Amino acid sequence: MKLDPVYDPKTLTQSKVYMVEGTRYRYVRIDGSGKNIKYVFSPLPNQRKTKEISLNETRLSIRCQEVQGMTYEASKEQTVVQMGLL
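Residues numbered from 1 in each chain as written. Predicted model: local features only at pLDDT ≥ 70, side-chain atom pairs only at ≥ 80, totals over all residues. Heavy atoms only, no water.

**Student:** Explanation requested: the sheet that holds strand β3 (residues 23–31) in the structure shown.
**Tutor:** Overall, antiparallel pairing links the six strands, which are arranged β1-β6-β2-β3-β4-β5 in an open sheet. Where the open sheet ends on each side, the last strands, each with one partner, are β1 (3–5) and β5 (53–55). When the angles between neighbouring strand axes are averaged without regard to direction, this sheet yields 45 degrees. Looking at chain direction, β3 and strand β4 (residues 38–43) are connected through six bridges and run antiparallel. The residue bridging R26 from the neighbouring strand is S42, located in β4. (Pairing = 2+ DSSP bridges. Helix = DSSP H or I, 4+ residues; strand = E, 2+ residues; numbered from the N terminus. Axes fitted to C-alpha atoms, helices over the stretch in contact; angles between N-to-C directions.)

**Student:** Can you help me understand the packing of aromatic side chains in this one?
**Tutor:** Aromatic ring pairs are defined here through the distance separating the ring centres and the angle between the ring planes. Under the counting rule described, the total for this entry stands at two aromatic pairs. Both rings, one in Y18 and one in F41, keep their centres 5.7 Å apart while their planes meet at 75 degrees; by these two values the pair is edge-to-face. In this pair, Y18 sits in strand β2 (residues 16–20) while F41 sits in strand β4, placing the two residues 23 residues apart along the sequence. Accessibility expressed as a relative area gives 1% for Y18, which makes it buried. With a relative accessible area of 0%, F41 lands in the buried category. With centroids separated by 5.7 Å and ring planes inclined at 65 degrees, the aromatic side chains of Y27 and F41 adopt a geometry described as edge-to-face. In this pair, Y27 sits in strand β3 while F41 sits in strand β4, placing the two residues 14 residues apart along the sequence. Under the relative-accessibility criterion, Y27 is labelled buried at 10%. (Phe/Tyr/Trp six-rings, centres within 6.5 Å; stacked < 30°, edge-to-face > 60°. Buried < 20%, exposed > 50% of the residue type's maximum accessible area, 1.4 Å probe, protein only.)

**Student:** Help me out: how do you make sense of the nonpolar core in this one?
**Tutor:** Here is a general trend for soluble globular proteins: nonpolar side chains tend to be buried in one another's company. By size, the foremost hydrophobic cluster in this structure holds 11 residues: V6, L12, Y18, V20, Y25, Y27, Y39, F41, L55, L60 and C64. Elements with a contribution of two residues or more to this core: β2, β3 and β4. Residue contacts for V20: discarding those within four places in its chain leaves Y25, I53, L55, R63 and C64. (Core = buried A, V, L, I, M, F, W, Y, C linked by side-chain atoms within 4.5 Å. Contact = heavy atoms within 4.5 Å.)

As structure tokens, this is what we get:
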């Protein structure tokens, strides 16, 4: 597994997989504005950590690494309708 550091937050995309402190995450959104911008990541399924994390630009460049060759595609949820007999 090849890891590349993320130096520029403009390269973050929701389809790529990122490694932060040994856990695989996907990029979700940006929170805040001005100098208080936070980049929010959500853990992939079957990871030990289950909560979202937010990193500022400095921590992003230190802790976040892109996993080369791995992409994330959200599973399409199927809506199941159960019909009951009355």
